[in-house]
Amino acid sequence: MISNTRLLELAAEYGTPLFVYDGSLMLERYYDLFKFIHNPRLKIHYALKANYNPGLLELLRDAGAGIDAVSPAEVRLALHLGYSPDRIIYTANNMTDAEYDRVAATGVIINIGSLSRLKKCAKNYPGSRICLRFNPDVCDGDNEKTMTGGDLTKFGILLDAVEEVKAIVKSGNLHIIGLHEHTGSGLQHIESVLQSMRNLMAIATRENFPELEFLDFGGGFKVPYRPDEKPVDYVSMGQQIDALFDEFCRNYGKDLIMRFEPGKYLSAECGTLITEVNTIKHNRTRTIAGCNSGFPQLIRPVLYDAYHHIENLSNPAGAPQVYDICGNICETGDRFAEQRELPEIREYDLLAIRNAGAYCYSMGSIYNLRAMPTEIVVVDGKVIHINNRMNDEDLIKSVLARTGKQVAK
């Protein structure tokens, strides 16, 4: 991890709020997966929706990763950054005809997750090579809003619709080269991963899909957000994944490619949001530390009640006190933490909000017309990439640009 001393130096140089990404740590997490899962045909496709920072994407590109994209713009970004079409899979849900057409024109493999879209593909794109997303009928994740399996979710084709799928595939002479499933984000139980794999493998037979080249088991690998949180035993999980897949390939009669699509696992721990405290307020039973950032820049606590560890970079040895860490947005719920014990916070202290590398900047907005923070990527202590924060003038220009209006001087 980047040292706290270095974080303070970076904050002084680039200002706050500031997203700092440890590119070295992200690559370490990427290579870890190949240590846990020993299959020589393993391919890792990074879930770009977790963090689309170009500096991080270029590091993963050079390391050999692929991309899991969920919008045409994500596909275009990956192609622009040098990912070849065969390293990208497009897994949007409820996609429009126009979106399908745009992505099909790039040569990227499209992953279809509904009978409705499959019928349209058979009619409009007969003979296509595609992937099918099935609902694994296993429900797991760290929040009910991020669980993507089971009958309450919008994702994937039901496993018991295989015969209908085969009929549609035959009608359009479609070539099913891959099957996909994704159980959820922040999976709590190793058995959920394994059972999801078993359920997909149960329908991935020669009789059903004779042209398979890969099976894709999604992502959702859990990372520890709390300091005392016990990490998942990925060594044991990897061994069981290897055994399951080896047995499947023997039964199928062909060595298929194994794909996983982690997002959070690769990028969450590498990110830190540095914010400055500008207000200390005592409201009877609460002490509020007000910051120069807010939930549009890191929305997970408001959206999911997610926990993010927070450190006082400026006064780490201060006497512990309990605070509500609040942002600068006109919403009562704009809190990064509630009733959190931290070393004494003084005005102008800098706080480090940890595990801010996944689903933080990428879910950000300019609500209250506050620009998103500067982002920097650090590798071996050196800054290799900078995404600068807009100033107020640039922000207003971006708002008016679509209207054709100019900013008055």
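Residues numbered from 1 in each chain as written. Predicted model: local features only at pLDDT ≥ 70, side-chain atom pairs only at ≥ 80, totals over all residues. Heavy atoms only, no water.

Visitor: I'm lost on the pattern of salt bridges in this one. Help?
Guide: Think of it this way: side chains of opposite charge can pair up when their charged atoms draw near. Throughout the structure, instances matching the rule amount to 17 salt bridges. Between D349 and R346 there is a salt bridge, with the nearest N and O atoms lying 3.1 Å from each other. Look at D349 and you get buried, because its relative accessible area is 3%. The class of R346 is partly exposed, set by a relative accessible area of 36%. Here the residues in one salt-bridge network are E28, R29, D32, K35 and E269, joined through shared partners. (Salt bridge = Lys/Arg side-chain N within 4 Å of Asp/Glu carboxyl O. Buried < 20%, exposed > 50% of the residue type's maximum accessible area, 1.4 Å probe, protein only.)

Visitor: It is not clear to me how the pairing of strand β2 (residues 42-47) should be interpreted in this structure. Could you clarify?
Guide: A regular strand places its side chains on the two faces of the sheet in alternate fashion. Most of β2 sits inside the fold, with 5 of its 6 residues counted as buried. By the bridge criterion, 3 bridges tie β2 to strand β10 (residues 257-260) in an arrangement that is parallel. Following the sheet pairing, L42 is matched in β10 by M258. Inspection of the sheet shows β2 paired to strand β3 (residues 66-69) by 3 bridges, in the parallel sense. Following the sheet pairing, A47 is matched in β3 by D68. In this view, the connection linking β2 to its parallel neighbour β3 by way of helix α3 (residues 54-63) has right-handed handedness. (Helix = DSSP H or I, 4+ residues; strand = E, 2+ residues; numbered from the N terminus. Pairing = 2+ DSSP bridges. Right-handed = clockwise from strand over helix to strand, strands pointing away.)

Visitor: Which parts of the structure should I look at to understand the layout of surface pockets?
Guide: The gaps left among the atoms become clear once a water-sized probe is rolled over them. As a volume, the second largest pocket reaches approximately 330 Å³. The wall of the second largest pocket is formed by 18 residues, among which K43, H45, D86, R87 and R259 lie closest to the centre. Only α2 (23-36), β2 and β10 provide two or more residues apiece to the lining of the second largest pocket. Counting residues per element, the lining of the second largest pocket draws most heavily on β2, which supplies 4 residues. A per-class count over the lining of the second largest pocket returns 9 nonpolar, 3 polar and 6 charged. (1 Å grid on protein atoms, 1.4 Å probe; cavity = no way out; pocket = protein on both sides within 12 Å on 5 of 7 lines; lining within 4 Å. Points joined across faces, edges and corners; volume = space filled by probe spheres on them. Nonpolar A, V, L, I, M, F, W, Y, C, P; charged D, E, K, R; others polar.)

Visitor: Explain the environment of I190 here, please?
Guide: Along the polypeptide, I190 turns up in helix α8 (residues 190-203). Expressed as a C-alpha distance, the spacing of I190 and Y234, which sit 44 residues apart in the sequence, is 8.5 Å. Setting aside chain neighbours within four positions, we find I190 in contact with V232, D233, M237 and Q240. (Contact = heavy atoms within 4.5 Å.)

Visitor: What am I meant to see in the nonpolar core here?
Guide: Generally speaking, a soluble globular protein has its nonpolar side chains buried in company with each other. With 101 residues, the main nonpolar core has L132, F134, L179, L215, F260 and I325 as its most contacted residues. It is helix α9 (residues 234-252) that contributes the most residues to this core, 8 residues altogether. Apart from the residues within four sequence positions on either side, L179 is in contact with C131, L132, F134, L200, I203, A204, F209, L212, F214, L215 and D216. Grouped together as the second largest cluster of nonpolar side chains are 12 residues, A11, L18, L313 and I376 included. (Core = buried A, V, L, I, M, F, W, Y, C linked by side-chain atoms within 4.5 Å.)

Visitor: Can you help me understand the pairing of strand β18 (residues 382-387) in this one?
Guide: Where strand β17 (residues 374-379) meets β18, 5 bridges bridge the pair, whose relative direction is antiparallel. Paired with V378 across the bridge in β18 is V383.

On their own, these measurements won't tell you what the molecule is for.
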